[in-house]
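Listed below, chain by chain, are the residues.
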Amino acid sequence: MCSTRSDDLQAIVRGVFAPICTPFAENEDVDYGALSFNVGRYAESGILGYLALGSNGENRSLSEDERLRVLDVVVRHKGPGQVVMAGATYEAQRDTERFLAAAADLGADLGLVLSPGYFRKQMTDEVLFRYFSSLADGAKIPLLLYNAPAFCGITLGPELVARLAVHPGIVGMKDSAASGIEDFLPLERPSFHVLAGSANFLFPAMMGGSLGGTVSLANSFPRLALELFEAGQARDETIGAPLQARVSRINHAISGTYGVAGVKAAMDLAGFVGGIPRRPLLPLAEAEVAALRAFLTGEGLLS
């Protein structure tokens, strides 16, 4: 079991994480050169770090060897002081355990664990409590819970999270659920932190006590995501409220409308390498890219 001092923990979760995409070449092979290029640019942007192998990283579309190599590239090319969170999205606990051990060996700082969802009717609170707590018992890196029912069909409730939050190896959660991060913010404490899982509610989450978040907007426009974070950190409603409205509008136009393919297209437009998604996902059509370009230009994000 890994435990982290509260001051050290704040240092590795206070900020903006980019849930980075996995770029694919035209033949759908992972473009590791493009990935290292992107991480190099993010390293200069001021963001705190990365979620590697999350939903934007198309985790479920990667082989195990690809997952580990992607994680290795991110760790090796991160900037000084940047933090790497490794996403674990497995059904069998032994696979999650194996991945978390490998992630620790590769140099990941944190593990982010999604609930198994295939047998969702059997995923009671007791089953999930045993799953997460026993993972944390043996993990070599601190773990965060990933509340993302849109991806696994399981919603983590406040009562379950409160029970898990006292485990010294479970140091926080990323909440991407539509049910409302405000239900979890009362659990904020020096040993457990609740991170926003979307740019759509980063500012109000920080006004409620959150230290930051993992937001897909940081893939294409990391500085804009940082501006919103800084407004939240300063608790500046004069700047933060209208900026949150703008960010939500932009985020809806990119990921809210088009999903991962939209995030990748926005990255390409912003000078990163998004590449294509891996089938069955399809890239944006030319007309969709043109519409996105026009929108982002109108927002002053492209020249």
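Structure shown above.
Residues numbered from 1 in each chain as written. Predicted model: local features only at pLDDT ≥ 70, side-chain atom pairs only at ≥ 80, totals over all residues. Heavy atoms only, no water.

Q: Which parts of the structure should I look at to understand a negative patch on the surface?
A: On the surface, a cluster of negative charge is made up of Asp125, Glu159, Glu182 and Asp183. Residue Glu159 is classed as exposed on the basis of its relative accessible area of 58%. (Patch = residues over 30% accessible without salt bridge, like charges linked within 9 Å, V, L, I, M, F, W, Y side chains within 5 Å. Areas by Shrake-Rupley, 256 points an atom, 1.4 Å probe, with all protein chains shown as cover. Salt bridge = Lys/Arg side-chain N within 4 Å of Asp/Glu carboxyl O. Lys, Arg positive; Asp, Glu negative; His and termini not counted. Charge placed at Lys NZ, Arg CZ, Asp CG, Glu CD. Buried < 20%, exposed > 50% of the residue type's maximum accessible area, 1.4 Å probe, protein only.)

Q: Looking at this structure, I do not really get unusual backbone geometry. What am I missing?
A: Trans peptide bonds make up most of the peptide bonds, and negative phi angles are found at most residues other than glycine. Following Arg279, the chain continues into Pro280 via a peptide bond in cis, with omega recorded as 20°. Inspection of the secondary structure assignment puts Pro280 in the loop between α11 (260-269) and α12 (286-298). One non-glycine residue, Leu53, adopts positive backbone phi at about 75°. Locating Leu53 in the fold gives a position in the loop between β2 (49-52) and α3 (64-77). A relative accessible area of 1% places Leu53 in the buried class. (Helix = DSSP H or I, 4+ residues; strand = E, 2+ residues; numbered from the N terminus.)

Q: For this particular structure, what's the right way to read the packing of aromatic side chains?
A: What describes a pair of aromatic rings is the distance from one ring centre to the other and the angle between the planes of the rings. Using the criterion set out here, one finds five aromatic pairs in the structure. Measuring from ring centre to ring centre gives 5.6 Å for Tyr90 and Phe99, while their planes differ by 45°; the resulting arrangement is tilted. As far as the burial class goes, Tyr90 and Phe99 line up, both buried. Relative to Phe132, the ring of Tyr131 has its centre 5.2 Å away and its plane inclined at 70°; by these criteria the two rings are edge-to-face. Judged by its relative accessible area of 6%, Tyr131 falls in the buried class. One cation-aromatic arrangement involves Arg41 over Phe272; the distance from NZ or CZ to the ring centre is 4.1 Å. Across from the ring centre of Phe129, 4.0 Å away, lies the NZ or CZ of Arg163, which sits over that ring. (Phe/Tyr/Trp six-rings, centres within 6.5 Å; stacked < 30°, edge-to-face > 60°. Lys NZ or Arg CZ within 6 Å of the ring centre and 35° of its normal.)

Q: What is the right way to read the packing of helix α4 (residues 93-106) against helix α5 (residues 125-138) from this model?
A: Axis angle and axis distance: for two packed helices, these are the angle between their axes and the distance between the axes, and together they describe the pair. Closest axis-to-axis distance for the α4/α5 pair is 11 Å, and the angle between their directions is 30°. By the angle class used here, α4 and α5 are roughly parallel. Crossing handedness for the pair α4 and α5: right-handed. Of the residues in α5, those touching α4 at Gln93, Thr96, Glu97 and Leu100 are Tyr131, Ser134 and Leu135. Here the contact of α4 with α5 is built from residues that sort into three nonpolar, three polar and one charged. (Axes fitted to C-alpha atoms, helices over the stretch in contact; angles between N-to-C directions. Parallel < 35°, antiparallel > 145°, perpendicular 65-115°, else oblique. Left-handed = near helix turned anticlockwise from the far one by under 90°. Contact = heavy atoms within 4.5 Å. Nonpolar A, V, L, I, M, F, W, Y, C, P; charged D, E, K, R; others polar.)

Q: What is the right way to read α5 from this model?
A: Note that an α-helix has 3.6 residues per turn; residues three or four places apart therefore point the same way. Counted at 1.5 Å a residue, the expected span for α5 with its 14 residues is 20 Å, and the 20 Å between its end C-alpha atoms agrees. Three or more residues of α5 are buried, namely Leu128, Tyr131, Phe132, Ser133, Leu135 and Ala136. Looking at the buried residues of α5, the elements they touch are α4, β4 (110-114), β5 (143-147), α7 (158-164) and β6 (170-175). (Expected span 1.5 Å × (residues − 1).)

Q: Just checking my understanding: could you explain the pairing of β5 for this structure?
A: For a regular strand, side-chain orientation follows a simple rule: the groups alternate between the two sheet faces. The element β5 is extensively covered by neighbouring structure, given that five of its five residues are classed as buried. With burial as the criterion, each face of β5 is covered, one bearing Leu143, Leu145 and Asn147 and the other bearing Leu144 and Tyr146. Here β4 runs beside β5; their pairing, made up of four bridges, is parallel. Bridge pairing in β5 places Leu114 opposite Tyr146. Of the crossover connections in this fold, the one passing from β4 over α5 to the parallel β5 is right-handed. (Pairing = 2+ DSSP bridges. Right-handed = clockwise from strand over helix to strand, strands pointing away.)

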